[in-house]
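If you want the building blocks of each chain, they are given just below.
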Amino acid sequence: MSIEIEIVTGDASWPSVKPLFDLAWPREVVEKLSWGHVVFANPELRVIVEDDGQPVCHVGLYRREGMWKGRKTRIGGIGGVVTHPDYRRRGLASVALTAALHTLKDERATDFALLFCEPHNVDFYTRRNWKPFIGEVFAEQHGERMRFDAMTPLVSYLKRAPHEGEMDLCGLPW
Ligand SMILES: CC(C)(COP(=O)(O)OP(=O)(O)OC[C@H]1O[C@@H](n2cnc3c(N)ncnc32)[C@H](O)[C@@H]1OP(=O)(O)O)[C@@H](O)C(=O)NCCC(=O)NCCS
């Protein structure tokens, strides 16, 4: 096993990670999920963990100027966190998440990180110091501003970490 971690451009690297997504989230499964019909943004960057050149773990990165309590805020989005079923419980998602947060921190251009997950994954993130965001989140869907409550929002501190109030993603969710 030869594990490598790289950070690559989002669009160009999509074909290499699509099989991982198809494996974790087959269309027939996704259709029944709370977020199955949500239109998501595409990540700007991806953290990819490879074993012998094959992607086995992925974290997507988004940079977004949103609004929190009526003021502009720079959000570092994290999404599409997935590990190949044969490679789970080896710390790969933890490593990829750490690399994603380091990337955002190094850029110094984001105030906090924000992700959305299903309720059964909340503990995984809170054990990694992510905190619940208990306010309301709005995002764009089909060209309209709508409440986004299909998943649970969690925040991670970079320069600050809002935990309540109204947050507008000012674009598609991730
Ligand atoms: C959620 C998910 C991404 C976790 O990926 P992972 O690579 O297994 O994550 P990690 O290995 O870093 O951590 C998983 C658990 O394995 C444990 N673990 C890590 N290394 C380990 C090792 N060497 N031996 C045994 N257990 C280990 C971790 O402690 C962790 O448990 P904890 O949360 O109780 O601390 C993965 O289960 C997955 O792809 N699920 C389906 C898609 C999904 O739901 N994604 C989340 C979207 S928000």
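All of the points below concern the structure found in this document. Nothing here was measured: the structure is a model prediction, and the numbers come from that model.

## Considerations on the layout of surface pockets
- The computed volume of the largest pocket comes to approximately 1,500 Å³.
- Every residue lining the largest pocket is counted, 48 residues in all, and those nearest its centre are Phe21, Trp25, Gly80, Val81 and Val82.
- Contributions of two or more residues to the lining of the largest pocket are made by helix H1 (10–24), helix H2 (27–30), strand E3 (54–68), strand E4 (71–83), helix H3 (92–107), strand E5 (112–117) and helix H4 (122–126).

## Side note on the pairing of strand E9 (residues 152–157)
- Two strands pair when backbone bridges link them, and E5 and E9 are joined in this way by six bridges, in the antiparallel orientation. Each residue of the ladder has a partner; that of Phe116, found in E9, is Pro153.
- Here two bridges tie strand E6 (residues 131–132) to E9, and the two strands are oriented antiparallel to one another. Each bridged residue has a counterpart across the sheet, and for Pro132 the counterpart in E9 is Leu154.

## Observations concerning the pairing of strand E7 (residues 136–141)
- Where E7 meets strand E10 (residues 166–168), three bridges bridge the pair, whose relative direction is parallel. Opposite Phe138, over in E10, you have Asp168 as the bridge partner.
- Across four bridges, E7 lies against strand E8 (residues 144–147) in antiparallel orientation. Directly across from Phe138, in E8, lies its bridge partner Arg147.
- With antiparallel pairing between neighbouring strands as the criterion, E7 and E8 make up a hairpin whose turn holds two residues, including His142 at a positive phi of roughly 50°.

## Points about the side chain of Arg46
- For Arg46, the location among the structural elements is in strand E2 (residues 45–51).
- Buried charge without a partner: Arg46 forms no salt bridge, and the closest opposite charge is Asp11, 5.4 Å away.
- Separated by 3.1 Å, the side chains of Arg46 and Ser13 make a polar contact.
- Apart from the residues lying within four places of it in its own chain, the contact partners of Arg46 are Glu6, Ile7, Val8, Gly10, Ser13, Trp14, Val17, His58, Val59 and Gly60.

## Details of the packing of aromatic side chains
- Taken as a whole and assessed by the stated rule, the structure comprises nine aromatic pairs.
- Note on Trp25 and Trp35: the rings are 5.9 Å apart at their centroids and 90° apart in plane angle, and the pair reads as edge-to-face. Separated by 10 residues along the polypeptide, Trp25 in the loop between H1 and H2 and Trp35 in the loop between H2 and E2 bring together distant segments of the chain.
- Judged by relative accessible area, Trp25 falls into the partly exposed class, the value being 24%.

## Some remarks on the site of the ligand
- Lining the immediate surroundings of the ligand are 18 residues, of which Val81, Thr83, Arg89, Gly91 and Ser94 lie closest.
- Take Arg88: an N or O atom from its side chain is 3.3 Å from an oxygen atom of the ligand.
- In this structure, an oxygen atom belonging to the ligand sits 2.9 Å away from a side-chain N or O atom of Asn121.
- The fraction of the free accessible surface of the ligand (950 Å²) that becomes covered by protein chains is 70%.
- The cavity where the ligand resides is the largest pocket.
- Those elements giving two or more residues to the shell around the ligand turn out to be E4, H3, E5 and H4.
- Considering only residue class, the shell around the ligand consists of nine nonpolar, four polar and five charged.

## Focus: the nonpolar core
- Membership of the largest hydrophobic core comes to 26 residues, with the highest contact counts inside it found for Val59, Ile78, Tyr125 and Trp130.
- Those elements that provide at least two residues to this core are E2, E3, E4, H3, E5 and H4.
- Of the residues forming this core, the biggest block, eight residues, is contributed by H3.
- Judged by nonpolar contacts, the second largest core, of 20 residues, contains Val30, Ala150, Val155 and Trp174.

Basis of the calculations
- Residues numbered from 1 in each chain as written.
- Predicted model: local features only at pLDDT ≥ 70, side-chain atom pairs only at ≥ 80, totals over all residues.
- Heavy atoms only, no water.
- 1 Å grid on protein atoms, 1.4 Å probe; cavity = no way out; pocket = protein on both sides within 12 Å on 5 of 7 lines; lining within 4 Å.
- Points joined across faces, edges and corners; volume = space filled by probe spheres on them.
- Helix = DSSP H or I, 4+ residues; strand = E, 2+ residues; numbered from the N terminus.
- Pairing = 2+ DSSP bridges.
- Buried < 20%, exposed > 50% of the residue type's maximum accessible area, 1.4 Å probe, protein only.
- Lys, Arg positive; Asp, Glu negative; His and termini not counted.
- Salt bridge = Lys/Arg side-chain N within 4 Å of Asp/Glu carboxyl O.
- Polar contact = N/O pair within 3.5 Å; in protein donor to acceptor, adjacent residues only side chain to side chain.
- Contact = heavy atoms within 4.5 Å.
- Phe/Tyr/Trp six-rings, centres within 6.5 Å; stacked < 30°, edge-to-face > 60°.
- Near = heavy atom within 4 Å.
- Areas by Shrake-Rupley, 256 points an atom, 1.4 Å probe, with all protein chains shown as cover.
- Sits in = over half its atoms within 2 Å of the grid points.
- Nonpolar A, V, L, I, M, F, W, Y, C, P; charged D, E, K, R; others polar.
- Core = buried A, V, L, I, M, F, W, Y, C linked by side-chain atoms within 4.5 Å.

Such coordinate-based values are descriptive only and should not be taken to indicate function.
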